[in-house]
2 protein chains.
Amino acid sequence: MLVDPASRPFVSDQFQAHLIWFDANPMLPGRSYLLRTETDSVSATVTVLKHQLNVDSFVREPAKLLQMNEVGVCNIMTQRPIVFDAYKENRSTGNFIIVDRVSSATVGAGMIDFPLRRADNVHWQALDVDKAARSALKNQKPAVLWLTGLSGSGKSTIANALEALLHTCGKHTYLLDGDNVRHGLNRDLGFTAVDRVENIRRVAEVAKLMADAGLIVICSFISPFRDERRMARELMGEGEFIEIFVDTPLDECARRDPKGLYKKAFAGNIANFTGVSSPYEAPENPELHLKTMGQEPARLALQIEEFLRSRMEEK
Amino acid sequence: MLVDPASRPFVSDQFQAHLIWFDANPMLPGRSYLLRTETDSVSATVTVLKHQLNVDSFVREPAKLLQMNEVGVCNIMTQRPIVFDAYKENRSTGNFIIVDRVSSATVGAGMIDFPLRRADNVHWQALDVDKAARSALKNQKPAVLWLTGLSGSGKSTIANALEALLHTCGKHTYLLDGDNVRHGLNRDLGFTAVDRVENIRRVAEVAKLMADAGLIVICSFISPFRDERRMARELMGEGEFIEIFVDTPLDECARRDPKGLYKKAFAGNIANFTGVSSPYEAPENPELHLKTMGQEPARLALQIEEFLRSRMEEK
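Along each chain, residue indices are assigned from 1 in the same order as the chain's sequence is written. Note on labels: chains are lettered from A, ligands numbered from 1, in written order. With the structure being a predicted model, the display of local features is reserved for residues of pLDDT at least 70 and the display and counting of side-chain atom pairs for 80 or more, all residues being used for whole-chain, interface and lining totals. Each side-chain value is worked out from all heavy atoms of the structure, with water and hydrogens disregarded.

Identification of chain A as Adenylyl-sulfate kinase from Rhizobium lusitanum is taken from an unreviewed UniProt entry. UniProt positions are given in the numbering used here, feature names are shortened, and annotations may be inferred rather than shown by experiment. Recorded in UniProt under Function (unreviewed entry), the annotation for chain A is "Catalyzes the synthesis of activated sulfate."

J.: I'd love a proper account of the sheet that holds strand S9 (residues 173-177) of chain A, names of residues and values included.
T.: Residue and element names in this part refer to chain A. On the basis of which strands lie adjacent, the open sheet formed by five strands has the order S9-S10-S8-S11-S12 and parallel pairing. Of all strands in the sheet, those bounded by a partner on one side alone are S9 and strand S12 (288-291). The sheet shows a mean angle of 20 degrees between the axes of neighbouring strands, taken without regard to direction. Judged from the five bridges that link them, strand S8 (residues 143-148) and strand S11 (residues 241-247) form a sheet pairing that is parallel. By the bridge assignment for S11, Leu-145 is matched with Ile-242. Set on the sheet, helix H3 (residues 155-168) makes contact with S8, S9, strand S10 (216-220), S11 and S12; between it and S10 the angle comes to about 165 degrees. One bridge is not enough; two strands pair if DSSP finds at least two bridges between them. Secondary structure elements are taken from DSSP: a helix is a run of H or I of four residues or more, a strand is a run of E of two residues or more, and numbering for both begins at the N terminus. Axes, fitted as lines to C-alpha atoms, cover a helix only where it is in contact. Angles between the N-to-C directions of the axes lie from 0 to 180 degrees. Note on contacts: a residue pair qualifies if any of its non-hydrogen atoms lie within 4.5 Å across the two residues.

J.: If you had to explain the sheet that holds strand S11 (residues 241-247) of chain B to someone new, which residues and values would you point to?
T.: Residue and element names in this part refer to chain B. Read from one edge of the open sheet, five strands run S9-S10-S8-S11-S12, paired in parallel fashion. Two strands close off the open sheet at either side, each with one partner strand: strand S9 (173-177) and strand S12 (288-291). Pairwise comparison of adjacent strand axes, ignoring direction, gives a mean angle of 20 degrees for this sheet. In this structure, strand S8 (residues 143-148) lies alongside strand S10 (residues 216-220), joined through five bridges in parallel fashion. Bridging from a neighbouring strand, Ala-143 pairs with Ile-216 of S10.

J.: Would you mind going over the domain arrangement of chain A in detail, with residue names and values included?
T.: Residues and elements named next belong to chain A. By the assigned domains, chain A splits into domain 1 (10-119) and domain 2 (131-314). Bear in mind that the domain bounds are from an automatic or database domain assignment. Each of domain 1 and domain 2 has a C-alpha centre, and the two are 31 Å apart. Listed by partner, the interface residues are eight residues for domain 1 and 10 residues for domain 2. Here domain 1 packs against domain 2, burying approximately 880 Å² in sum over the two surfaces, 52% of which is carbon and sulfur. Any Lys or Arg side-chain nitrogen located within 4 Å of an Asp or Glu carboxyl oxygen qualifies as a salt bridge. Applying the counting rule to domain 1 against domain 2 returns four salt bridges. Throughout this description, a polar contact denotes any pair of N or O atoms lying within 3.5 Å of each other; where both atoms belong to protein, one of them has to be capable of donating a hydrogen while the other can accept it, and for residues adjacent in sequence the pair is counted only when both atoms sit in side chains. On the surface where domain 1 and domain 2 come into contact, there are three residue pairs in polar contact (both at pLDDT 80 or more). Here the residues of the side of domain 1 that touches domain 2 sort into four nonpolar, one polar and three charged. Note on definitions: buried area is the accessible-area loss of two parts on being combined, 1.4 Å probe, summed for both. Gly is placed with the polar residues, together with every amino acid not listed as nonpolar (Ala, Val, Leu, Ile, Met, Phe, Trp, Tyr, Cys and Pro) or charged (Asp, Glu, Lys and Arg).

J.: So what's going on with the UniProt feature "domain: APS kinase" (unreviewed entry) in chain A? Residues and values would help.
T.: The UniProt record marks residues 142-291 of chain A with the feature "domain: APS kinase" (unreviewed entry), using the residue numbering of this structure. Across residues 142-291 of chain A, the secondary structure splits into 41% helix and 18% strand, with the terminal C-alpha atoms separated by 26 Å.

J.: Give a description of the nonpolar core that names residues and reports values.
T.: By convention a nonpolar core is built from buried Ala, Val, Leu, Ile, Met, Phe, Trp, Tyr and Cys residues, the set being connected through side-chain atoms within 4.5 Å. To sort residues, take the accessible area from a 1.4 Å probe on protein chains only and compare it with the maximum for the residue type: under 20% means buried, over 50% means exposed, and anything in between is partly exposed. Counting residues in each nonpolar core, the largest one holds 46 residues, and the members touching the most others are Leu-176 of chain A together with Leu-176 of chain B. Once residues lying within four places of it in the same chain are set aside, the contact partners of Leu-176 of chain B are Leu-209 of chain A together with Val-181, Val-203, Val-206, Ala-207, Met-210, Val-217, Ile-218, Cys-219, Ser-220 and Phe-221 of chain B.

J.: Hey, could you go over the pattern of salt bridges for me, with residue numbers and the actual values?
T.: Taken as a whole, this structure holds 36 salt bridges over all chains when the rule is applied. In this structure, Glu-198 of chain B and Arg-202 of chain A form a salt bridge, with 4.0 Å as the shortest nitrogen-oxygen distance. Here Glu-198 of chain B, found in helix H5 (residues 193-212), pairs with Arg-202 of chain A, found in helix H5 (residues 193-212), and the two come from separate chains. Owing to a relative accessible area of 12%, Glu-198 of chain B belongs among the buried residues under this scheme. Judged by relative accessible area, Arg-202 of chain A falls into the buried class, the value being 2%. Here Arg-230 of chain A and Asp-227 of chain A are joined by a salt bridge, their closest N and O atoms 3.1 Å apart. On the criterion of helical spacing, the pair formed by Arg-230 of chain A and Asp-227 of chain A is a turn pair, its members being three residues apart in helix H6 (residues 226-235). Residue class for Arg-230 of chain A comes out partly exposed when judged on its relative accessible area of 26%. Residue classification places Asp-227 of chain A among the buried positions, given a relative accessible area of 16%. Several salt bridges share partner residues, and in doing so they unite Asp-188, Glu-198, Arg-201 and Arg-202 of chain A together with Asp-188, Glu-198, Arg-201 and Arg-202 of chain B into one network.

J.: So what's going on with H3 of chain A? Residues and values would help.
T.: Residues and elements named next belong to chain A. Any helix carries an expected span of 1.5 Å times its number of residues minus one. If you check H3, its first and last C-alpha atoms are 20 Å apart, about what 14 residues at 1.5 Å a residue would give, namely 20 Å. For H3, the full list of buried residues reads Lys-155, Ser-156, Ile-158, Ala-159, Asn-160, Leu-162, Glu-163, Leu-166 and His-167. In the segment just after H3, Gly-170 is the residue with positive phi, at about 80 degrees.

J.: Give me the lowdown on the pairing of strand S7 (residues 106-115) of chain A, citing residues and values where you can.
T.: Residues and elements named next belong to chain A. One ladder, built from seven bridges, connects strand S1 (residues 10-21) with S7; its direction is antiparallel. Within the sheet, the bridge partner assigned to Ala-17 lies in S7 and is Ile-112. Between strand S6 (residues 95-99) and S7, which pair antiparallel one after the other, the connecting turn spans six residues, and Ser-104 there sits at a positive phi close to 60 degrees.

What follows is the structure in structure tokens.
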């Protein structure tokens, strides 16, 4: 493309845009979508939803997500830099559509306002000691063991047994547990769909840092949505993400009810409770599918440890 | 206090409240304040500012912070559970004031709306393998080495040299670097005061998790505000937080300008640039004060390593 040197397009992976949402499923900040311009197609997430615009009054209103037909002003980050103009400068190179990565439906459209300067001012710092050096020191292969399943399915119990087992084998592990993380890093988050996405996004980023530190990270989170588990998987290195479906029927979880939560949820006292008032999307191709009925946690932990051992031998 | 069993007060560490701000320094979510009720005094932070109320029109408006005389609706978390009522039920046990932890001035006042259910539904998960077990495995004492200083002061260079040095000594380290974290975990955050506080809060929580994993964590962040560095210190175990002031005069940082940022900042092209358009609050009692002028990074790294060694021998 020939351009006047005085009006070069922007090249950036972060920009502000006006976004119009079409889909019945709301736009959730932090979720990964496909962004298409006239010339490009790239993974993208809304990092910040600044406000929505009331289309009748043009007043800026606080918003956590965008519902169908709502318009919002947001910061968007693409997986790699793209070339664009501001919409007010050029209507064809300043607009984009948003496509759902699962259904391939067009779910939103946007107009780019301007690139964010922060994209230029943050540089990747190359470090001398890397993942390979750290894991060599520990003689282990970093991994992210991601336990997903309903509340009360046995995730924490299995995770705990697994960590004790790996520890006795001299492996260096760390356990990130849903409840514990919510007391610290994610204590500002609740249980709405928006907050669940951000909860998993942050945890996945922390797991990535810990795997980079050479650890075997055990993550125990309900993580009900396929999209976020895929996002977590895509963050990690090849073969590093091991999805483990802790499969216990809802009836059995409700019968055990170790924290008394199902009782409250069925009585209508907890909003957004997975399996009762919020969906659980079961994994389709987990690396390990643990049917827990009639199985001891220690036996299931051993099954995971065996999987890990065979993976060590592969290489 | 005698109460009718039918109208017991709430006991919780999380609640929603209406907050009125008095102080010239704005209220920043994530910052630690002192919360005082008629019967109690406890550290507290605003975890979420939901919206502010326009006091003329009573319209809800989006807000990132509260300026003087502004009213907001927010979620507050206290360091331990406190006893309270809803303000509409009881005016004396349902209100509180907010006190600045440095100046001891009363900076805000609030009325409690209701406790947050999430406080009841998140349980601390006790784990078998703990920090002591993990560090014994590695024969090292976990630590958080917190390098603070201006942009261009040499933090990243020293941190990198230090990590390489510790690695050759067989220590298991991890380096959390400002720019790198902003590409992942904190990519939704900018450089306003609000975002800087949240940036450091999340990083400190991650450093805490990594220290809990038994690692020696090297943190390299401008971290310009005393309040947030103190918050980070208070998160860690006794003696675990080691504040290292990388002290390079502003003139020298601007002369080096490794990323070309000072040039942009002095030209007025970067808002909120520490040392130019945003303050840097130098540490008052850092564990180590490194005057970098005329010193090699490797020499300074060795100085930190010696400090760590003496600390190992203490115990």
